[in-house]
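The chain contents come next:
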Amino acid sequence: MRTIARRGLEALPQAIQSRLLAIARAARGSENAAHGYEFAGVDPDYPVEGTHQGRLPIYARYRWSVKPGYRSFRPILELLILEQAGLLAPSEQQYLRSCIGSRTIERPLEDIEGFAAPIVKRHADHFVPDAATPMAKTAASGFSERTERARNQHRAGFRSAERLGFRAPAPGERALEVGFNEGYSPIALSLMGFESHAIDNGYGLAGRAPGQIAFVAKQCGATVHTAFGDVTTRTQYPDGHFRYVFSASVLEHILDLDSACVELRRVLHPDGIMVHSVGSYYCCDGAHALAIPDQPWGHVRMSATDYEEYVCRWRPHEAHATIPWLRTALARRPIAALSSSLARAGLKIHMWIETPSPAQHLRHLTPAIVGECLRENPGIALTDLVVRDVYFIATAA
């Protein structure tokens, strides 16, 4: 490992650093810590709608304040897009508001689909066709800004690689992005002059046209070679095919990370670089929008089975989508296991940056919550609760 750059607790304000040190000591059960630190957690400032298992408060609006999970449901997102465009009647807007509720959708999804279908059909020309996630055609006005942000992200990775002594990937060479939706990142690589490829397993949508990325690429004048595939198995790409392999918030969704790392190592050119950012399941919003709980770190304070029961009880209209998501799309993997998988696959880490969760989330991390999380998940550390994502650069060992 040539260089390790770590931006973790040091990036936080001094007051929060001190609080987290107090949390760490208290969570270990240190009597000295309990008496040596004056620490009071900050509860979310939202109404409490109930209590789960007699210990976990159910906060109204807390979940939506972290991430608007209602946008995960297609008919709701379609109605939101039409509302933003001023295409919903007042009664339709009122219905939409009644669906969202204060912390979970309030109507059966099939009812919402039935209500939205004729409205969406009436405005079909407003949407990108064959899109796995609804997108308005008018979103084209923001394409250039988003692709430019993606370009800057790639350029930053290339500059870091050069500082580490590696030759940065050059225009004309092949690049692979793992995971895509709208596809701004692989489109940016195409516009930078790369032969841009992108692969995704589609969360079960294999065989459907990648509507968003095709539409955005056409609008931007880019060419991206897309493929549906699973990087935990051998893909169609030859050995050493790519000088640059990249992903953003994808590897945390892969359950068999060892196999994925082996395959990505196989398709990486011997002189290529690999750049990834990976989210932590155990941080405040690690369950992602669809499964963020109604209290801080609730998904970590409960076992996997308990959390599924929680979803069924407190989110009955979402359980059909959330439980498969928890079982197949989220890896309960500590940060240390990520670096171990890379090493086992024959990859050498040259840069490792840990970014903490936003301060507004960390302020709710109390000694009691940390203790619950560590007892429920004995294989994790305080870092897993604090760090939101890891950014790393690796090469073939």
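For the structure itself, consult the block above.
Criteria and cut-off values
Here the residue numbers are simple positions, counted from 1 along each chain's written sequence. At least 70 in pLDDT is required for a residue's local features to be given in this predicted model, at least 80 for side-chain atom pairs to be given and counted, and no such filter applies to totals for whole chains, interfaces and linings, which use all residues. Side-chain measures here rest on the full set of heavy atoms in the structure, leaving out hydrogens and waters. We call a residue buried when its accessible area falls under 20% of the maximum for its residue type, exposed when it is over 50%, and partly exposed in between, using a 1.4 Å probe and counting protein chains only. Numbering of helices and strands starts at the N terminus; helices are DSSP runs of H or I of at least 4 residues and strands are runs of E of at least 2. Being paired, for any two strands, means DSSP has found at least two bridges between them. The directions from the helix axis to the C-beta atoms form the arc being described.

Caption draft 1: View of the pairing of strand β4 (residues 195-200). In terms of burial, β4 is a largely internal element, five of the six residues being buried. With five bridges joining them, strand β3 (residues 174-178) and β4 adopt parallel strand pairing. Bridge pairing links A175 to S196 in β4. Direction of pairing for β4 relative to strand β5 (residues 224-228): parallel, over a ladder of five bridges. Its bridge partner lying in β5, I199 is registered against A227.

Caption draft 2: The arrangement of helix α14 (residues 319-328) in detail. Buried within α14 we find A319, T322, I323, W325 and L326. Angularly, the buried residues of α14 cover 160° about the axis, an arc narrow enough to put them on a single face. Turned more than 90 degrees from where α14 packs its buried face, R327 and T328 sit exposed.

Caption draft 3: Structural context of unusual backbone geometry. Phi at R61 is positive, roughly 70°, even though this residue is not glycine. Its place among the elements puts R61 in the loop between β2 (56-59) and α3 (62-66). With phi around 65°, H288 is a residue other than glycine that occupies positive phi space. With respect to the secondary-structure elements, H288 resides in helix α11 (residues 288-291). According to the relative accessible area criterion, H288 is buried, its value standing at 17%.

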